[in-house]
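Here is how the chains run, residue by residue.
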Amino acid sequence: MSLTLISITTCNRINELKKYVWDYIKFTNENTDFHFLLSLDGNSAEYIEFCKEFKIPFIYSDDQEGVGLSKNRVLSQFPDYDHYFFLDDDVELYDSNIFELVIKTALDLQLDHLCI
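Residues numbered from 1 in each chain as written. Predicted model: local features only at pLDDT ≥ 70, side-chain atom pairs only at ≥ 80, totals over all residues. Heavy atoms only, no water.

**Student:** How would you sum up the overall build of the protein chain? Please name residues and give values.
**Tutor:** The helix and strand inventory of the protein chain stands at four helices and four strands. Along the chain direction, N to C, the helices and strands of the protein chain fall in the order β-α-β-α-β-α-β-α. Here the C-alpha radius of gyration of the protein chain, 14 Å, is about what a compact globule of 116 residues would show, namely 13 Å. Expressed along its principal axes, the backbone C-alpha trace of the protein chain runs to roughly 40 × 25 × 25 Å. Counting only residues that meet the buried cut, the protein chain has 37% of its 116 residues in that class. (Helix = DSSP H or I, 4+ residues; strand = E, 2+ residues; numbered from the N terminus. Rg over C-alpha atoms; globule rule 2.2 N^0.38 Å. Buried < 20%, exposed > 50% of the residue type's maximum accessible area, 1.4 Å probe, protein only.)

Below, the structure is given as structure tokens:
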């Protein structure tokens, strides 16, 4: 069994996030090998209240630091996953089969990092 973390990084775009986050949460709730995490770049009360209200797992930085550091925070605080997907807050999930396809492709090609 391998575990996969799907993480959306976001900052100052809560309306975009609200459009697309639900399909990812639904997918991870229905697939026990996948977990979801929202990575907030900065300390936004609006985002934190939203996440708490809907029980969305999240982490955040005290100050805005940029997407790269936000992703690094995910990796350092959640190092025990076999696979990671880092998504922007405006990416719609059309077909959840993409996750298994990307994992299989990366394993078949023996790639540690794959961007699509």
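That covers the picture; the talk isn't over yet.
**Student:** Can you explain the packing of aromatic side chains? Please cite residues and give values.
**Tutor:** Taken as a whole, this structure holds eleven aromatic pairs when the rule is applied. For the pair Tyr84 and Phe86, a centre-to-centre distance of 6.1 Å together with 5 degrees between the ring planes defines the contact as stacked. Overall, Tyr84 belongs to the partly exposed group, its relative accessible area being 25%. Pairwise contacts between aromatic rings join Tyr24, Phe27, Phe34, Phe85 and Phe99 into one cluster. (Phe/Tyr/Trp six-rings, centres within 6.5 Å; stacked < 30°, edge-to-face > 60°.)

Nothing here speaks to function; it is geometry throughout.
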